[in-house]
Amino acid sequence: MWNNWINGMIGVAVADAFGSPVQFMERERLKENPITEMEYCDIYDKPAGAWTDDTSMALCILDSIRSLRKVDAEDVMERFVKWLREGEYTPTGVAFDMGNTCVFAINSFREHHDVDTCGRTGEYANGNGSLMRTLPVCLYYAERTHSGEATEEQAISDIHRLSSLTHNHIRANMACGLYFFCVREMIYGSGSLIERLQNGFDQGFAFYDTDRSAAKESAHYKRLRDLSEFRKLPEDQIRSSGYVVDTLEAAVWSLITTDNYRDCIIRAVNLGEDTDTVGAVAGGLAGIYYGYEAIPKEWRDELLRREWIEEMCVK
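Residues numbered from 1 in each chain as written. Predicted model: local features only at pLDDT ≥ 70, side-chain atom pairs only at ≥ 80, totals over all residues. Heavy atoms only, no water.

## With respect to the overall build of the chain
No. 1: Scanning the chain for helices and strands turns up 16 helices and zero strands.
No. 2: By its C-alpha atoms, the chain is 45 × 45 × 40 Å across when sized along the principal axes.
No. 3: Burial analysis of the chain (315 residues in total) assigns 61% to the buried set.
No. 4: Partitioning the contacts of the chain with sequence separation of at least 6, the portion at a separation of at least 24 is 73%.
No. 5: Per element, the accessible surface of the chain, about 12,400 Å² overall, is 45% carbon and sulfur.
No. 6: The averaged location of the 51 negative side-chain charges in the chain is 2 Å from the averaged location of its 33 positive side-chain charges. (Helix = DSSP H or I, 4+ residues; strand = E, 2+ residues; numbered from the N terminus. Buried < 20%, exposed > 50% of the residue type's maximum accessible area, 1.4 Å probe, protein only. Contact = heavy atoms within 4.5 Å. Areas by Shrake-Rupley, 256 points an atom, 1.4 Å probe, with all protein chains shown as cover. Lys, Arg positive; Asp, Glu negative; His and termini not counted. Charge placed at Lys NZ, Arg CZ, Asp CG, Glu CD.)

Shown next as structure tokens:
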């Protein structure tokens, strides 16, 4: 009954909503009073189960792909505009928790209507705002590359293109590309969670290592080349900031040091700082691997507009 789109998207949305109330909170404070259930979000005055920009922007991409049956960067940007300006794809009718880099790009697109130049460039374009929303295009190309309808080169080209709409830097693009290989392995691979993730990263690094410019950038992700060693790192060596490398590492570490969806998300969110996005990035992969029924029912039941998200996944 439940397909990979629902598993992944509800995995993202639930984790996003779970992490939202404790955004920007320091790890030490969360150690004293960890979050273990859905809570009211005092920061934005939102009820329990309200997801943030992470899920909203992912839903923009999801709706575009499912409506057009292809990846169309301009259509995605138009939907980002509707989200930011009109509150579409939100849990309460108003956009909130918008990242500065994404807002800059959307406003640039509104002014110039150019998808190739609207995204920020340079070192400061390496936040996690494109990684947090990349799951739908990864799911789309996981299916298409597995069936032979698309090549990995086509997949990575479009995944990078959607990332560059806001975060136009190869490092941020690579995080989305590596995530794609992990998503595909979660669906079609075999073995344990860590084995599938390792296979995904192995494939991703092999792809990028053939490109000299990308190979240089891949050094930023070197700790993810050996997950058996990465898994041994203590929590104090895991950073959970909004920097894209930190976010991907924190999400993966939370996945490989737990064995179920609930514990994974509790661990990811209680790392502190960018709690909703670390949770969302981990939640997408955890949702796919563990499945819909493994997402705690009480969390699913509290998720705002859950049925609407699920309907969008199967239309």
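## Considering the nonpolar core
No. 1: Grouped together as the largest cluster of nonpolar side chains are 109 residues, with contacts concentrated most on V183, L197, Y221 and L248.
No. 2: At eleven residues, helix α8 (residues 170-188) tops the list of elements feeding residues into this core.
No. 3: Apart from the residues lying within four places of it in its own chain, the contact partners of L248 are L131, A175, L178, Y179, F201, Y221, L224 and V281. (Core = buried A, V, L, I, M, F, W, Y, C linked by side-chain atoms within 4.5 Å.)

## Describing a negative patch on the surface
No. 1: Together, E26, E28, E32 and E273 give the surface a local cluster of negative charge.
No. 2: As for its position among the elements, E32 is in helix α2 (residues 27-32).
No. 3: Accessibility expressed as a relative area gives 69% for E32, which makes it exposed. (Patch = residues over 30% accessible without salt bridge, like charges linked within 9 Å, V, L, I, M, F, W, Y side chains within 5 Å. Salt bridge = Lys/Arg side-chain N within 4 Å of Asp/Glu carboxyl O.)

## Here we look at the environment of D209
No. 1: Position of D209 relative to the elements: it lies in the loop between α9 (193-208) and α10 (212-217).
No. 2: Measuring from C-alpha to C-alpha, the distance between D209 and G189 comes to 22 Å, with 20 residues separating the pair along the chain.
No. 3: Aside from chain neighbours lying at most four places away, what touches D209 is A215, S218 and R225.
No. 4: A distance of 3.1 Å separates a polar atom in the side chain of D209 from a polar atom in the side chain of R225. (Polar contact = N/O pair within 3.5 Å; in protein donor to acceptor, adjacent residues only side chain to side chain.)

## Let's talk about the pattern of salt bridges
No. 1: Considering all chains together, one arrives at 17 salt bridges under this definition.
No. 2: The residue D75 makes a salt bridge to R79 at a minimum N-O spacing of 2.6 Å. In this pair, D75 and R79 are both assigned in helix α4 (residues 73-86), four residues apart and thus about one turn of the helix distant.
No. 3: Accessibility expressed as a relative area gives 14% for R79, which makes it buried.

## Some thoughts on the packing of helix α6 (residues 135-147) against helix α7 (residues 152-164)
No. 1: α7 packs onto α6 with a crossing angle of 170° between their chain directions and a minimal axis gap of 10 Å. Our classification of the angle between α6 and α7 gives roughly antiparallel. Within the contact between the two elements, α6 uses V137, C138, Y141 and T145 and α7 uses E152, Q154, A155, D158, I159 and L162.
No. 2: In the contact of α6 with α7, the residues fall into six nonpolar, two polar and two charged. (Axes fitted to C-alpha atoms, helices over the stretch in contact; angles between N-to-C directions. Parallel < 35°, antiparallel > 145°, perpendicular 65-115°, else oblique. Nonpolar A, V, L, I, M, F, W, Y, C, P; charged D, E, K, R; others polar.)

## Examining the state of the cysteines
No. 1: With the rule as written, the count across this model stands at zero disulfides.
No. 2: Cysteine C118 is unpaired, with the sulfur of C102 as its nearest cysteine sulfur at 10 Å.
No. 3: You can see C182 has no disulfide; the closest cysteine sulfur is in C138, sitting 9.3 Å from it.
No. 4: Residue class for C182 comes out buried when judged on its relative accessible area of 1%. (Disulfide = S-S within 2.5 Å.)

## What to know about the packing of helix α12 (residues 244-256) against helix α13 (residues 261-269)
No. 1: At a closest axis distance of 8 Å, the pairing of α12 and α13 adopts a crossing angle of 140°. In the packing of α12 onto α13, the handedness of the crossing is right-handed. Residue-level contacts link W253, S254 and L255 of α12 to C264, R267 and A268 of α13.
No. 2: Across the contact of α12 with α13, the residue classes break down as four nonpolar, one polar and one charged. (Left-handed = near helix turned anticlockwise from the far one by under 90°.)

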